Each structure stands twice: as C-alpha cells, then as structure tokens.
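Descriptive structure summary
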Amino acid sequence: MSESYTDADLRAILERTRTIAVVGVSMNPVRPSAYVTRYLALKGYRVIPVNPGHAGATVQGETVRASLSEITEPVDMVDIFRRSEAVPPIVDEALEHLPGLRTIWMQIGVEHAGAAAEARARGVEVVMNRCPKIEYQRLFGELRMGGFNTGVISSKL
C-alpha cells in the first residue's frame, strides 16, 4: 500500500495538533515509542501515553492510561505504535471515545486500509507508515542539521 501525503497536508496536521494520544508507548527509553513521545512533548505537544501494561505509570509528566476510552481530555491525534493487525480496534475505540479527534497517525511500518477508510468516512484524516517526529523534523528544518536532504527548501541551516 503506497499512500502519498503532501508536505502541506502533513505540516497542517502538525501545526493544528495540540494533544496526541500515543498508543503503545514503552517505558524503555530506547524504544522508538518512548523517544518519539519525549520529542513531541519537548516540541510543546501534550502527549497522553496509552498502554495497558503500564497504566498508572508516568511518562513525560502524564499518567499512562490503559485505553483510549479512559481519556476524558480533548485529543487531536492518535499516534499508533502497534502492529498493523492491532489497528482496527484502536481506531474503533478512538472514533467512539474521542469526539474531537482529527487525525489517526500510524507509525512507520503500520498500515491498515480498512481502518483508514473507516476513519476517513467519519471525517478523520489518516496518515500511515510515517513518523510524526521525523515529519516534524523534516518539515520544520531540524533534520538538515544532521546532514539529511529533507526535500524542503528553506533559508534555515
């Protein structure tokens, strides 16, 4: 499955998003879900961690929730760090319990066309097989410092 997203669309999602529920967050600081969560929090997003195995623990100053249905605060985006086959019930729960949800974001290697279609049918944008940390760095000029060609022309170095 190959979906393409314009830089303008990805930038708009990242600019309008304020609160992100990260499903599948790890307590292990070297796991991608842990450092993506930390990075997004450092960039000013409120990040609500979700993992039933770590419910009640604290990550980036937020209490880990066992499920999306435990979140009472408004959530703009759900970032999914789970295998593709685990996505449909996560999307179903997000659509049912997060009324202000605007984006479902599936991490690199995570794709589910059926769940994506269901979310889109409910007016929720979907990004699959991408990382919001990498896209943020690429679109806002931070990867260039590491010697990466981001494909984005900017006056920043």
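For the structure itself, look to the data block above.
Below: a short report on this structure. (Residues numbered from 1 in each chain as written. Predicted model: local features only at pLDDT ≥ 70, side-chain atom pairs only at ≥ 80, totals over all residues. Heavy atoms only, no water.)

Focus on the overall build of the chain
So the rule is basically this: Each helix is a run of H or I in the DSSP string that is no shorter than four residues. Each strand is a run of E no shorter than two, and both are numbered from the N terminus. Buried, partly exposed and exposed residues are distinguished by accessible area as a fraction of the type maximum, computed with a 1.4 Å probe on protein chains only: under 20%, between the cut-offs, and over 50%, respectively. In what follows, a contact means two residues having at least one pair of non-hydrogen atoms within 4.5 Å. The Shrake-Rupley method, run with a 1.4 Å probe, gives the accessible areas here. Residue values count only the displayed protein chains as cover.
Tallying secondary structure elements over the chain gives five helices and seven strands in all. Listed by position from the N terminus, the elements making up the chain come as α-β-α-β-β-β-β-α-β-α-β-α. Buried positions account for 48% of the 157 residues belonging to the chain. Residue pairs at least 24 apart in sequence account for 59% of intrachain contacts in the chain once pairs closer than 6 positions are excluded. Within the structure as shown, the chain displays about 8,000 Å² of accessible surface, and the carbon and sulfur contribution to it stands at 51%.

Quick word on the pairing of strand β1 (residues 19–23)
Filter applied, for reference: At least two DSSP bridges between two strands are required for those strands to pair. Assignment of crossover handedness uses the view with strands pointing away from the viewer, where a clockwise path from the first strand over the helix to the second indicates a right-handed crossover.
Burial analysis of β1 places five of its five residues in the buried class, the great majority of the element. Burial along β1 is two-sided: the face carrying Thr19, Ala21 and Val23 and the face carrying Ile20 and Val22 are both buried. Where β1 and strand β2 (residues 46–50) come together, five bridges link them in parallel fashion. Pairing of Val22 across the sheet is with Pro49, part of β2. In this view, the connection linking β1 to its parallel neighbour β2 by way of helix α2 (residues 32–42) has right-handed handedness.

Observations regarding the sheet that holds strand β6 (residues 103–106)
Under the convention used in this document: Whenever a helix is involved, its axis is fitted only over the stretch in contact; in every case the axis is a line through C-alpha atoms, and angles between N-to-C directions fall within 0 to 180 degrees.
The five strands are arranged β2-β1-β5-β6-β7 in an open sheet whose pairing can be described as parallel. Each edge of the sheet is formed by a strand with only one pairing partner; in this case those strands are β2 and β7 (125–127). Across the sheet, the mean angle separating the axes of adjacent strands is 20 degrees when strand polarity is ignored. Direction of pairing for β6 relative to β7: parallel, over a ladder of three bridges.

Description of the pairing of β6
Going residue by residue along β6, you find Thr103 and Trp105 tucked away on one face and Ile104 and Met106 tucked away on the opposite face as well. Of the strand pairs in this sheet, strand β5 (residues 77–80) and β6 are connected by four bridges, and their pairing is parallel. Among the inter-strand pairings, Met77 is bridged to a residue of β6, identified as Thr103. On the question of chirality, the crossover connecting β5 to the parallel β6 by way of helix α3 (residues 87–97) is right-handed.

Here's the deal with the nonpolar core
Spelled out, the test is: We call a set of buried residues a nonpolar core when its members are Ala, Val, Leu, Ile, Met, Phe, Trp, Tyr or Cys and they connect through side-chain atoms within 4.5 Å of each other.
Among the nonpolar cores identified, the biggest contains 45 residues, and Leu68, Val78, Leu101, Ile104 and Met106 are the most heavily contacted of them. Ignoring any residue separated from it by four or fewer positions in sequence, one finds Ile104 in contact with Val78, Ile80, Val91, Ala94, Ala119, Val124, Glu125, Val126 and Val127.

Quick notes on helix α1 (residues 7–16)
Helical geometry: 3.6 residues make up each α-helical turn, so side chains three or four residues apart lie on a common side. Heads up, the condition is: It is the directions from the helix axis to the C-beta atoms whose arc is reported.
Every buried residue of α1 is listed here: Leu10, Ile13 and Leu14. In a view along the axis of α1, the buried residues occupy a sector of 95 degrees, so they form one face of it. Its buried side turned inward, α1 meets β5, β6, β7 and α5 (132–139).

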